[in-house]
Amino acid sequence: MWKPAALLACAILSACSTQQPAPLRPDHLFNDALFPARPAAVDRDAFALSESMRRYLEVEIATQLRRSGRLRGLVDALQTDARLKLEYDASVTGTAAEAFEARAGNCLALVIMTAALAKELGLPVYYQRVYSEEFWTRDGDIRFRSGHVNVVLGERPVRRQGFSDGTDQITIDFLPQESLRGQRTREIEEHTIVAMFMNNRAAESLARGELGHAYWWAREAVTRDSRFMESYNTLGVIYSRRGNLREAERVFDHVLESEPENATVISNLAAILRKAGRMEAAQSLLEKLQRIEPYPPFHFFELAQLAMKSGDFVAARDLYAKELDRNPYYDAAHFGLAVSSFRMGDIRSAAEHLSAAMESSTTRRDRDLYAAKLRSLRSE
């Protein structure tokens, strides 16, 4: 997944509304002097192959590639090879080499790894952004909405008078296929994938409090694809966290010129204006936000948490369920439902929601935590 960052009660930048052309180089939004020197990692090629990746292609699956062909052989290896054992883990966005070494990554890291292997074999590679239900996570007071991408390998079909020539083309996706049925996709360029990768790195650095690293990753994301608007929001949040309110406001205003009803950026900008003491302007934005988004992300989850603290487990259960209606894959809401059900004596429901929390979790750490709690519950 790629995950733009947000501030406090804000979401991230909306996926896509009608976008106007953006400057090719929005240099006026950058202020390098505010941050430490650019880290070398920002300039590394995310698609670079490691020696172990080359050995995998040239030795470990060479026979399979010869027998099944480069396309089918690689796809079969990615999907069934017991030696590779790829695992979905959204905690860190790795490069191709890092994802291969860890045998794990989020959808973006695994897409980059797959594309790197395919390109080494000379296969055509295309990327798709998948438009699906919003998926929200939190890390402290930062909130993220994660998007989804996948990769298509093989030649484009040649169509004549409505018929395809049957050219082989296979979509590789690291989420369960049942969760993707009926979803819209749009082809995107590789430079957008690179911008997404860098924006993810910026968001992850921001969550760790590494503002210098976060700035340079976000800056490079904007530079690589000036029309990938999510990276501007991340940049604005970084400025805000550092206390550079004027720079943050300039970035958020830039986004709103293209996306005037972007709820995340409106919320972030309102927070900036409040910090600057411009209460009237902030209130005007909040009123606009209320019309656009009456219930912000995690609204019902936070009410459920308050109900849990007060001991009203029935209200908490109902509010967690409301949050799941809006964000059905939010593992913390499933866990909250499990705890409230347990407190009400409904052990069966608690076990069901613990299982759902484990299945919905996006990191190894959380999966292990929920699995341990589920084992403990079942042993009682």
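In this text, all values refer to a predicted model and were calculated from it rather than measured experimentally. (Residues numbered from 1 in each chain as written. Predicted model: local features only at pLDDT ≥ 70, side-chain atom pairs only at ≥ 80, totals over all residues. Heavy atoms only, no water.)

**Brief notes about the environment of His 254**
Thinking step 1. Tracing the chain through its elements places His 254 in helix α9 (residues 245-258).
Thinking step 2. His 254 sits in the buried class, given a relative accessible area of 8%.
Thinking step 3. With 25 residues separating them in the primary sequence, His 254 and Met 229 have C-alpha atoms 9.7 Å apart. (Helix = DSSP H or I, 4+ residues; strand = E, 2+ residues; numbered from the N terminus. Buried < 20%, exposed > 50% of the residue type's maximum accessible area, 1.4 Å probe, protein only.)

**Examining the packing of aromatic side chains**
Thinking step 1. Considering all chains together, one arrives at eight aromatic pairs under this definition.
Thinking step 2. Residues Phe 35 and Tyr 239 carry aromatic rings whose centres are separated by 6.1 Å and whose planes lie at 45 degrees to one another, so their mutual orientation is tilted. Of this pair, Phe 35 sits in the segment before α1 (51-60) while Tyr 239 sits in helix α8 (residues 230-242), and the two are 204 residues apart along the sequence.
Thinking step 3. Relative accessible area serves as the criterion here: at 9%, Phe 35 is assigned to the buried category.
Thinking step 4. Measuring from centroid to centroid gives 5.2 Å for Tyr 215 and Trp 216, while their planes differ by 75 degrees, and the two rings are edge-to-face.
Thinking step 5. Overall, the relative accessible area of 0% leaves Tyr 215 in the buried class.
Thinking step 6. Since its relative accessible area comes to 7%, Trp 216 is described here as buried.
Thinking step 7. Grouping aromatic residues by their ring pairs yields a cluster made of Phe 35, Tyr 215, Trp 216 and Tyr 239.
Thinking step 8. Just above the ring of Phe 100 sits the side chain of Arg 103; from NZ or CZ to the centre is 4.3 Å.
Thinking step 9. Across from the ring centre of Phe 47, 4.3 Å away, lies the NZ or CZ of Lys 119, which sits over that ring. (Phe/Tyr/Trp six-rings, centres within 6.5 Å; stacked < 30°, edge-to-face > 60°. Lys NZ or Arg CZ within 6 Å of the ring centre and 35° of its normal.)

**Let's talk about the pattern of salt bridges**
Thinking step 1. In the structure shown here, the tally under the stated rule is 13 salt bridges.
Thinking step 2. For Arg 317, the salt bridge is made with Asp 318, and the minimal N-O distance between the two is 3.2 Å.
Thinking step 3. Residue class for Asp 318 comes out partly exposed when judged on its relative accessible area of 40%.
Thinking step 4. Taking the shortest distance from any N to any O, the salt bridge between Arg 348 and Glu 352 comes out at 3.6 Å. One end of the pair is Arg 348 and the other is Glu 352, both in helix α15 (residues 347-360) and four residues apart, which spans about a single turn.
Thinking step 5. Look at Arg 348 and you get exposed, because its relative accessible area is 67%.
Thinking step 6. Via salt bridges that share partners, Arg 38, Asp 43, Glu 220 and Arg 224 belong to a single interconnected network. (Salt bridge = Lys/Arg side-chain N within 4 Å of Asp/Glu carboxyl O.)

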